[in-house]
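# Per-entry structural report
Read off the chains here:
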Amino acid sequence: MTAVLQNDRFLRALLRQPVDQTPMWLMRQAGRYLPEYCATRKQAGSFLQLCQNPALATEVTLQPLERYALDAAILFSDILTVPDAMGLGLYFAEGEGPRFERPLRDEAAIRQLQAPDPELELRYVMDAVREIRKALQGRVPLIGFSGSPFTLACYMVEGRGSSDGFPVTKTMLHDRPDLFHHILQVTATAVTAYLNAQIAAGAQAVQLFDTWGGTLTKAAYQEFSLHYMQQIISGLTREAEGRKVPVIVFTKGGGQWLEMIADTGCDAVGLDWTTDLGDARRRVGDRVALQGNLDPSTLFAQPAAIEREVMRLLDSYGQGSGHVFNLGHGISQFTRPEHVTALVQAVQQHSRAYHRAAV
């Protein structure tokens, strides 16, 4: 029997329903800034082994909830599990980030690309979702996630991250758009099945991480990123366990395209820190909720400065529901855990005044 959800303000805010205070969670909230995470990762042997061990993935997913009064848990995994399951050979080079042994450069290999079965090749992720839901016992909702097709394709073609704008990927995008669209279509099919499997296993909201969509021109963004995210959203299971399953789209660097993102059918748009929160609310109106968007570097500052920035952001959004407090990107590994405590306390203390009409 599924445990009754005790704290649903995150899900309610995503659907723009009244809440008593602004809910919050943090991108990369289970991560290297926490000493307990580092200890568990060491026990696992490597980051990839940690992702592939459902019991340890459950442990690190819950660690930030033991420290902080957060309103959601997010599945501990990695966006590159999907291309790894497609046979590209994911590995992590020490100090250099993720790499693929077999990047997609050859037309024959691209034409042979197939979407994996999430309950077979990605069974460890689904087992982790089931185990996390059981361990949460209804404390807070669980967020599932995937990378966007364009973001995944950047790594799949390049074979690694890029500090110079993914030149191999963008060369293929321009010279062989037919091949690049094939990668994106297969990946979109895979991501749709992957997220639906997470929802079936117990994820109560899902987020698409379009980390590199903001590196594109407007026309290319529409064609190579937004189109495929819209396709995924239209194919998702939108209700489970008698509740709507909200969908969040986060395009880093996508602040200039908020209206287009809001029209994809998502329930919420994630904002990085370069977008003004109040202006974003005026632009999207009541079409979607907004998530964000504290600059992660603010957490290097002293608690008083963190509190001031929290108050500024809350005031920028203004009265009423429809806002989920988060960072504008993932939390830095160099963040002091006690500064996150100050952040959480500031959001709780100051956000209630913006929801008094709902109480």
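A brief report on the enclosed structure follows. The numbering scheme is per chain: residues are counted from 1 as the chain's sequence reads. Only residues with pLDDT of at least 70 are given local features in this predicted model, and only at 80 or more are side-chain atom pairs given and counted; all residues enter the totals for whole chains, interfaces and linings. Side-chain measures here rest on the full set of heavy atoms in the structure, leaving out hydrogens and waters.

## Regarding the packing of helix 8 (residues 149–158) against helix 9 (residues 167–175)
Helix axes are fitted only over the stretch in contact, all axes being lines through C-alpha atoms; the angle between N-to-C directions runs from 0 to 180 degrees. Note on conventions: DSSP H or I runs of at least 4 residues are helices, E runs of at least 2 residues are strands, and numbering of each starts at the N terminus. Closest axis-to-axis distance for the helix 8/helix 9 pair is 8 Å, and the angle between their directions is 105 degrees. By the angle class used here, helix 8 and helix 9 are roughly perpendicular. Residue-level inspection shows Phe150, Ala153, Cys154, Val157 and Glu158 of helix 8 in contact with helix 9, the latter providing Pro167, Val168, Thr169, Met172 and Leu173. Side-chain classes are defined by residue name, with Ala, Val, Leu, Ile, Met, Phe, Trp, Tyr, Cys and Pro counting as nonpolar, Asp, Glu, Lys and Arg as charged, and the others, Gly among them, as polar. Looking at the contact of helix 8 with helix 9, its residues break down into 8 nonpolar, 1 polar and 1 charged. Under this scheme an angle from 65 to 115 degrees is roughly perpendicular, one under 35 degrees roughly parallel, and one over 145 degrees roughly antiparallel; angles in between are oblique. Residue contacts are defined here by distance: any two heavy atoms, one from each residue, within 4.5 Å place the two residues in contact.

## Notes on the packing of helix 5 (residues 81–88) against helix 10 (residues 177–201)
The N-to-C vectors of helix 5 and helix 10 enclose an angle of 120 degrees; their axes lie 10 Å apart at closest approach. Between helix 5 and helix 10, the angle is such that the two are oblique. Between helix 5 and helix 10 the crossing geometry is right-handed. Between helix 5, through Thr81, Val82 and Met86, and helix 10, the contact on the second element is made entirely by Val186, Thr187, Ala190 and Tyr194. Considered class by class, the residues forming the contact of helix 5 with helix 10 number 5 nonpolar, 2 polar and no charged. By convention, the crossing between two helices is left-handed when the near helix turns anticlockwise from the far helix through less than a right angle, and right-handed when the turn is clockwise.

## Let's talk about the pairing of strand 2 (residues 90–93)
Here the rule is simple: two strands pair whenever DSSP picks up at least two bridges between them. Across 4 bridges, strand 2 lies against strand 3 (residues 97–100) in antiparallel orientation. Across the sheet, the residue bridging to Ala93 is Gly97, located in strand 3. From the end of strand 2 to the start of strand 3, which pair antiparallel, there are 3 residues, and Gly95 there has a positive phi angle of about 80 degrees.

## Re the nonpolar core
Within this scheme, the nonpolar core is defined by two criteria: the residues are buried Ala, Val, Leu, Ile, Met, Phe, Trp, Tyr or Cys, and they are joined through side-chain atoms within 4.5 Å. Relative accessibility thresholds used throughout: buried, under 20% of the residue-type maximum; exposed, over 50%; partly exposed, between the two (1.4 Å probe, protein chains only). The biggest cluster of nonpolar side chains holds 127 residues, and the ones touching the most others in it are Phe10, Phe76, Phe180, Ile183, Phe325 and Leu343. By residue number, the principal contributor to this core is helix 10, which donates 13 residues.

## So, the packing of aromatic side chains
Each Phe, Tyr or Trp ring, with Trp reduced to its six-membered ring, pairs with another whose centre is within 6.5 Å; inter-plane angles below 30 degrees give stacked pairs, above 60 give edge-to-face pairs, and intermediate values give tilted ones. Enumeration over the complete set of coordinates arrives at 10 aromatic pairs. Residues Phe209 and Phe250 carry aromatic rings whose centres are separated by 6.4 Å and whose planes lie at 80 degrees to one another, so their mutual orientation is edge-to-face. A residue pair is termed long-range when its members are at least 10 positions apart, and Phe209 in strand 5 (residues 205–210) and Phe250 in strand 8 (residues 247–251) qualify at 41 residues. The pair Phe209 / Phe250 is uniform in exposure class, with both members buried. In this structure an aromatic cluster arises from ring pairing among Tyr37, Phe47, Phe76 and Phe92. Should the NZ of a Lys or the CZ of an Arg lie within 6 Å of a ring centre and within 35 degrees of the ring normal, that charge is described as sitting over the ring. It is Arg281 that lies over the ring of Tyr317; its NZ or CZ is 4.0 Å from the centre.

## A closer look at the pattern of salt bridges
Take a side-chain nitrogen of Lys or Arg and a carboxyl oxygen of Asp or Glu: if they are within 4 Å of each other, that pair is a salt bridge. Applying the stated criterion to the full structure yields 22 salt bridges. Across the salt bridge formed by Asp127 and Arg123, the nearest N and O atoms sit 3.0 Å from each other. You can see Asp127 and its partner Arg123 sitting in helix 7 (residues 123–136), 4 residues apart, about one turn around the helix. Taking the relative accessible area as the measure of exposure, Arg123 reaches 41% and is therefore partly exposed. A salt bridge links Glu309 to Arg312, with the shortest nitrogen-to-oxygen separation between them at 2.7 Å. In this pair, Glu309 and Arg312 both sit in helix 14 (residues 303–317), 3 residues apart, roughly one turn of the helix. Via salt bridges that share partners, Glu107, Arg111, Arg176 and Asp178 belong to a single interconnected network.

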